[in-house]
Amino acid sequence: MQNTMTQTQAAQRVEEHARRALAVLPRQARPELLIAETTQCDDPTDNGPLGRVIASVEYQVHDLPPAGFGEDFDALRTWWEANDFRVLADERPANPYLWVEHTGDGFRLALKANDLGELYLTGSSPCVWPDGTPAPTE
Amino acid sequence: MITVPDLRDADPGVFTRHAQRWTYLAGRIAGRGRELADHLAALTDWQGTAGDSARANLAEQHRKLTDVAEHLGGIPPVLTSVGDRLTQVQQRLHEAIGMAEDNALHIQPDGTVRATDFAPQGGDRLAAKLTTVVRFLLREATIADEEAAAALRGLTPHATGFAPAAGGAPGTTASGAMPARGTAPAEVKRWWDSLTPQEQEAQLLAHPDQLGALDGIPAVYRDRANRVVLDTQRSALDTERAALAAKPHRSDDENHRLDDIDGKLRGLDAVTGRLNVAPSAARLQPYLLGISTDGNGRAIVAMGNPDTATNVATFVPGTGAKLATCRGDLERADTMALAARKSGSPSTSVITWVGYDAPQSIVPQAAEDRFADGAKQDLERFQDGLRATHEGAPSHNTVIGHSYGTTVVGITARDEGLNADDVVFVASPGVGVENARGLHLVGVSPDQVGQHVHATVAQHDPIRVAAGSHGPAPTGDDFGGTTFASNPGAAGPWYELGWNPSVHSQYWDPGNRALDNMGNIIAGKPTS
């Protein structure tokens, strides 16, 4: 098992990724932070390595007109592709969901809209050890 | 008359603990009275006869609840007082017993003290003095007991408003009126609706354990009952744990029980912790719909009110699910509720249903149907209960199974019929049928069921190897359901043939397409 960045570093990095993405959106965009947390990225029944966590953030983006969501998706996709992200899924128009991964650090971001006129940005880290090193095994 | 062994072995702390419970209950009833007062205030604009009648009825119920709370509030001081008095008297008795033992005197149950053959000179005189002291202490204890009993008799049942109503109407403490567990939820709901608010409060007070387990009781009340049950069960486990931990030598069985208790206490901590989280957009108001420490334990917790939400989902976890490890399953309910919101659900409730004895091992238990067979009637009735208590237009209900939980959901739908609009199978080892047409969803015609059956499995999830142990994988082309995408996950090493056990648990990771799709299904939207 390999060393990783720490939980604190992952939380900082995911916030940085999200902030850069939010800056691409029109100026009137008003992001509301819904969640900034770390969660277990495994469970005790899967025989996988225990103890790793995922740092994630969840923003709801207010004050953007739904009629312009298509352009917002396009703008972010273009920016992400020009900044070392690869597209994992772009399910428009059936499902307004765009999901990307940074080719360097493996962090992922997703943009999601719905028919209530709401827009959300999610960011998540890869699984990391809380202290950066694997938990000691018995 | 209290005897020496009675007083010596008594646990006066029990009075203090019961006083705390009565204080809590009186507070809850007072709170209910305040809620009614708020409702009354909101009705001031309702003009006409019906409005007058409603206000008069509510005002009367408010008055009764206030009276009940006031009289119940009289119980804790009595209990605390008798507890304090008995503690002091018991302490003095222990001192007397110590003195008797030091001087080879024998204390009889009625308080008489006699010198033994080994008593020092003057033992008879000391015995006579001690007899006077011990009998005085026994009288003190008896008086405290009798005074407390008289005071409590003065508080109940008439003074507390819990006496049977005049004219032979059903009494508020008539437990016989409560439907038995297993009664059809619609019938339970009719019974509940037939009670006055005061009678409902009395049932909550007297029978929280039975009421909390009844499908068909509205979530708001079930939650209140189960929070009392949770406190009671925690207290019982704490007491048992303290007794076991204090033993200088424990058997293997006792050590095993101690581990079991520690695990369940962790589970109760997880539930309590979630109940205490302030509601927010990302953490909906929780409702405790079931809790038990029996067997592997039960934890049924709704994130969001299922009786008022537009979209309601029930999550059935799989192998390894139990009270002790429910924390992750609670988090998944929160995760799915947020995913549904992002998919456009105007209001959502996602319920973690650790409501069955799940297999606790992959081999051999997870290969057996018996755990699903044991769960199917409870899951069916739970889903019926959600329908029975829902307010307004019927909600869009989804049941989501993970791993062995998909087998539970499938076998329930096959054998009992499932009151749900959609079912979701995540990482399934088979759902007990060869084809989606073998699943029965209430209100969905058999030829349409396939459109309401959704399944996914990640590319590198080793559950693919287990598919077939409970029937063909529901993601198969021949199954007749709808498949949706999930993150493929990282491939495992070559010596694992590329399978990666971690992938089996990644469907709820932030950003995973499976999570987005589950949000879509819960919200009643198409998947991809």
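Before any of the text, the structure's been laid out above.
Here the residue numbers are simple positions, counted from 1 along each chain's written sequence. Chains and ligands are labelled sequentially in the order written, the chains with letters from A and the ligands with numbers from 1. Predicted model: local features are reported for residues with pLDDT of at least 70 only, side-chain atom pairs are reported and counted for 80 or more only, and whole-chain, interface and lining totals are derived from all residues. Here the side-chain values reflect all heavy atoms present in the structure, with hydrogen atoms and water set aside.

Let us now look at the sheet that holds strand β7 (residues 396-402) of chain B. Residue and element names in this part refer to chain B. Two strands form a pair only when DSSP identifies at least two bridges running between them. Every helix listed is a DSSP run of H or I at least four residues long, and every strand listed is a run of E at least two residues long, numbered separately from the N terminus. Overall, mixed pairing links the 8 strands, which are arranged β3-β4-β6-β5-β7-β8-β9-β10 in an open sheet. What marks the edges here is a single partner per strand, and that holds for β3 (286-292) and β10 (482-483). Here 5 bridges tie strand β5 (residues 311-316) to strand β6 (residues 348-354), and the two strands are oriented parallel to one another. Bridge pairing in β6 links V312 to S349. The contact definition used throughout considers only heavy atoms, calling two residues in contact when any of these lie within 4.5 Å. As a rule, the C-alpha atoms of each element are fitted with a line to give its axis, helices using only the stretch in contact, and angles between N-to-C directions run from 0 to 180 degrees. Lying over the sheet, helix α11 (residues 326-342) contacts β4 (298-303), β5, β6 and β7, oriented at roughly 160° with respect to β6. Across the sheet, helix α15 (residues 513-522) lies against β5, β6, β7, β8 (422-426) and β9 (453-456), angled at about 150° from β7, the strand it touches most.

All names here are of chain A. Every case where a carboxyl oxygen of Asp or Glu lies within 4 Å of a side-chain nitrogen of Lys or Arg is listed as a salt bridge. What the rule picks out here adds up to 39 salt bridges over all chains. Across the salt bridge formed by R86 and E101, the nearest N and O atoms sit 2.8 Å from each other. Linking R86 in strand β3 (residues 85-90) with E101 in strand β4 (residues 97-102), this pair joins segments that are 15 residues apart in sequence. Take E101: its relative accessible area is 12%, and that puts it in the buried class. Residues participating in the shared-partner salt-bridge network are D74, R77, E81, D90 and R92. Think of it in three bands: residues with accessible area under 20% of the maximum for their type are buried, residues over 50% are exposed, and the middle band is partly exposed, with areas taken using a 1.4 Å probe on protein chains only.

A few words now on helix α3 (residues 49-72) of chain B. In an α-helix, one full turn covers 3.6 residues, which means residues spaced three or four apart are oriented alike. Residue and element names in this part refer to chain B. In this analysis, the expected span of each helix is defined as 1.5 Å times one less than the number of residues it contains. The end-to-end C-alpha distance of α3 is 34 Å, a good match for the 34 Å that 24 residues give at a rise of 1.5 Å each. Residues of α3 that are buried: G51, R55, L58, Q61, L65, V68, A69 and L72. Residues of α3 that are buried in the fold lie against α2 (13-42), α4 (75-102) and α7 (197-206).

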